Amino acid sequence: MKYGISTFITDQGIGPAALGRALEERGFDQLLIAEHSHIPVDRRSPWPGGGTLPAKYYRTLDPFVALTAAAVVTERLLVGTGVALVGQRDPIHTAKEVASLDVVSGGRAVLGVGVGWNREEMANHGTDPATRGRLVNERLAVIRSLWTEETTEFHGEFIDLDPLYLWPKPVRAPHPPVYVGGGERAFPRVAEHGDAWLANALPPAELGPLMKRLNDLAGREVPVTVFGAGHRPEEVAAYAELGVDRVLFDLPTEPGADSLRALDSMAAVAALS
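These remarks concern the structure in this document. In this text, all values refer to a predicted model and were calculated from it rather than measured experimentally.

1. Digging into helix 5 (residues 132-148)
For an α-helix, the turn length of 3.6 residues means that residues three or four places apart are oriented alike. Look at helix 5: 24 Å from first C-alpha to last across 17 residues, which is about the 24 Å you get at 1.5 Å a residue. Of all 17 residues making up helix 5, twelve are buried, and the element is well covered by its neighbours. Of all the positions in helix 5, only R132, G133, L135, V136, E138, R139, L140, V142, I143, S145, L146 and W147 are classed as buried.

Quick look at the structure:
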């Protein structure tokens, strides 16, 4: 089992370059970072975590700028989104950003995607929350075509594109892996559009049966990355027993010295497993 970090990179915590170097020095193999374009002042959508929305949600750096900063100071670290809100993103720009990151990093880009929860944020981007799932599916299909085909043409429910070219193509073949986040309702999207399931910090006892149901639906063994995980040794060992591909420890958004101490603790747990 491999180990990485999921976190929010903001202007108030450790910077992306320093974080990237620190992760690679400690043997972590992947960094996934969150995305929120903005937070509406008049927000009625409840935060899934319950209670007050943490300050880090208001201050996220653009993920692809931050990931590029991490990529250029590292050699092996996989860098990606956890998650990019594809329902709020133009698919042509997104395909070019991920492909460009893959070129700059030498084939280390990962696209983690989700449908999102903040309905007011979606609405500011012209996205109807009621149809966001179908919209995300179409955009993922377009992105994959833009990465892998000489020309892309698409005529769907939400997207209408006459033939077009897009370069650069990604370095990694056939394309950067797509990690699909979400619960069981997202399983059809994982099966059709995903290279892996990004499972959000589920306890091992709950995760095991869900992994089986996903594999049955997809007709293949879907790699699983546990996102935002704690770092209790017994829980980490249980994930390994389930055959989880990777655990991403949840790194709090803190200044540099505090983040480095937290990473040392997490690296010690990974070394024990």
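2. Some details on a nonpolar patch on the surface
A contiguous nonpolar surface patch, about 230 Å² in accessible area, is contributed by V72, V73 and V104. Take V104: it is sitting in helix 3 (residues 91-105). In this structure V104 comes out as partly exposed when scored by relative accessible area, which is 45%.

3. Here we look at the packing of aromatic side chains
This structure, assessed with the given rule, holds seven aromatic pairs. On the numbers, 6.4 Å between centres and 85° between planes, the contact of F28 with F249 is edge-to-face. Here F249 lies in strand 11 (residues 246-251) and F28 lies in the loop between helix 1 (16-25) and strand 2 (30-33), a separation of 221 residues in the sequence. You can call F249 buried: its relative accessible area is 0%. Relative to W117, the ring of Y57 has its centre 6.3 Å away and its plane inclined at 75°; by these criteria the two rings are edge-to-face.

4. Notes on the environment of A69
Inspection of the secondary structure puts A69 in helix 2 (residues 63-71). For A69, a relative accessible area of 25% gives the class partly exposed. Spatially, the C-alpha atom of A69 lies 12 Å from that of G80, the residues being eleven residues apart in sequence. Residues contacting A69, with those up to four places away along its chain left out, are P16 and A17.

Calculation notes
Residues numbered from 1 in each chain as written. Predicted model: local features only at pLDDT ≥ 70, side-chain atom pairs only at ≥ 80, totals over all residues. Heavy atoms only, no water. Helix = DSSP H or I, 4+ residues; strand = E, 2+ residues; numbered from the N terminus. Expected span 1.5 Å × (residues − 1). Buried < 20%, exposed > 50% of the residue type's maximum accessible area, 1.4 Å probe, protein only. Patch = residues over 30% accessible without salt bridge, like charges linked within 9 Å, V, L, I, M, F, W, Y side chains within 5 Å. Areas by Shrake-Rupley, 256 points an atom, 1.4 Å probe, with all protein chains shown as cover. Salt bridge = Lys/Arg side-chain N within 4 Å of Asp/Glu carboxyl O. Phe/Tyr/Trp six-rings, centres within 6.5 Å; stacked < 30°, edge-to-face > 60°. Contact = heavy atoms within 4.5 Å.

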